[in-house]
Amino acid sequence: MTAAEKCSIKLEILKLQLEAQLCREEWEAQLKREEQERETQLSKEEQEAEAQLKREEREAQLRKEEREAQLKQEEQEREAQLHKEEREHEAQLRREEAQLRREEAQLKCEEQEREAQLRREERELEAKLKQQEVEANKGVELKRAELGLAPPAPPQQEDRRFKERLILEKELAGKHLKEAQRKMLEWYDKRATPREFQVGSQVMVLLPGKSDRVTIRGTVPGAAALGPVTYEIGKPDRPRKKQVCHEPPSRTER
């Protein structure tokens with residue numbers, strides 16, 4: 001083998017090595033580009049996932065805020081409804097108290113009229129008794145004068161007549177009192193509705209005070225019904241733990 005052939009072979013080997021080196025470099029560059037593309041794709045996907053997660057978090061936060069606002073609005077509506085019901089209940093209580101005051105005033109006027117009527121009847125009865133007494137005295141005096149008898153002792157006769165008059169007036173007053181009670185009961189029962197409370201029921205009691213009516217809340221404890229309209233009320237938040245109350249029938253307004 002000549003030197004020229006050896007040199008040609010070396011050149012061919014160098015050429016092949018150079019081509020192999022270039023292929024390796026191109027392959028490594030291709031791998032590097034693919035790795036960069038994969039990294040870019042992964043980074044893009046991560047960014048998209050983070051953006052999606054942020055969007056979902058924002059949506060969840062918005063839903064949470066909307067739910068809280070809705071709950072707050074519902075709570076405000078419930079409070080407004082409760083306040084409205086309390087105001088209506090207080091107004092109803094005031095109307096009932098006004099109605100009771102009007103009824104009490106009417107009863108007082110009727111009682112005054114009945115007392116005036118009783119006084120007029122008593123005066124008329126007294127005048128009638130006096131007239132009868134005068135006529136009886138005249139008749140007795142005439143009879144005694146005809147028979148020639150001595151006049152009786154005035155004090156004893158006056159005492160006996162006074163006792164008779166007292167008995168008569170007492171009977172008349174009792175009769176008028178029973179009649180007045182019957183009329184009052186009939187008048188009250190026209191608009192009265194019976195009410196019953198069970199053991200453990202929540203009740204509200206209105207008590208007369210110095211300035212206004214006092215409202216207390218309590219429960220009906222065990223064996224609390226002392227009668228048809230009489231109950232023993234438990235008041236755990238008061239110094240006096242129990243109180244006997246008379247519950248009248250409810251009045252219906254007209």
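Since the model is a prediction, treat every value here as computed from it, not as a measurement.

Visitor: I tried to follow the overall build of the chain on my own but got confused; where do I start?
Guide: Secondary structure summary: the chain contains two helices and six strands in total. Written out in order from the N terminus, the α and β elements of the chain read α-α-β-β-β-β-β-β. Expressed as a percentage of its 254 residues, the buried residues of the chain come to 13%. When the accessible area of the chain is evaluated, it comes to approximately 21300 Å², of which 54% is carbon and sulfur surface.

Visitor: Could you clarify how one ought to interpret the environment of Lys 242 in this entry?
Guide: Relative to the helices and strands, Lys 242 is located in strand E5 (residues 242-246). In this structure the C-alpha to C-alpha distance between Lys 242 and Glu 232, which are 10 residues apart in sequence, comes to 6.6 Å. Aside from chain neighbours lying at most four places away, what touches Lys 242 is Glu 232, Ile 233 and Lys 235.

Visitor: How should I be thinking about the pattern of salt bridges in this particular structure?
Guide: Pairing between side chains becomes possible if they bear opposite charge and their charged atoms approach one another. Within this structure, the stated rule accounts for seven salt bridges. When the shortest N-O distance is used, the salt bridge between Glu 35 and Arg 38 registers 2.5 Å. Separated by three residues within a single helix, Glu 35 and Arg 38 lie in helix H1 (residues 3-147), roughly one turn from each other. Residue class for Glu 35 comes out partly exposed when judged on its relative accessible area of 35%. The partly exposed category is assigned to Arg 38, whose relative accessible area is 44%. Here Glu 111 and Arg 114 are joined by a salt bridge, their closest N and O atoms 2.7 Å apart. A residue pair is termed a helical-turn pair when its members lie 3 or 4 positions apart in one helix, as Glu 111 and Arg 114 do in helix H1 at three residues. Sharing partners across several salt bridges, the network here consists of Glu 110, Glu 111 and Arg 114.

Visitor: How do you make sense of the confidence of the model for the chain when you look at a structure like this?
Guide: If pLDDT is low for a region, its predicted coordinates should not be looked at in detail. Residues of the chain with pLDDT of at least 70 account for 79%, and the chain-wide mean is 78. Here residues 210-218 scores under 50 on pLDDT; set against residues more than four positions off or in separate chains, the count is 29 contacts. Counted against residues more than four places away or in other chains, residues 249-254, with its pLDDT under 50, gives 21 contacts.

Visitor: Would you mind going over the environment of His 176 with me for this structure?
Guide: Checked against the element boundaries, His 176 lands in helix H2 (residues 154-189). Here the alpha-carbon distance between His 176 and Leu 118, two residues 58 residues apart in the chain, equals 7.6 Å. If we ignore the near neighbours within four places in the chain, the residues touching His 176 are Leu 118 and Glu 121.

Visitor: Is there a simple way to think about the side chain of Arg 114 in this case?
Guide: Residue classification places Arg 114 among the buried positions, given a relative accessible area of 19%. Beyond its immediate sequence surroundings of up to four residues, Arg 114 is in contact with Leu 107, Ala 180 and Met 184.

What counts and how
- Residues numbered from 1 in each chain as written.
- Predicted model: local features only at pLDDT ≥ 70, side-chain atom pairs only at ≥ 80, totals over all residues.
- Heavy atoms only, no water.
- Helix = DSSP H or I, 4+ residues; strand = E, 2+ residues; numbered from the N terminus.
- Buried < 20%, exposed > 50% of the residue type's maximum accessible area, 1.4 Å probe, protein only.
- Areas by Shrake-Rupley, 256 points an atom, 1.4 Å probe, with all protein chains shown as cover.
- Contact = heavy atoms within 4.5 Å.
- Salt bridge = Lys/Arg side-chain N within 4 Å of Asp/Glu carboxyl O.
- pLDDT = per-residue confidence, 0-100.

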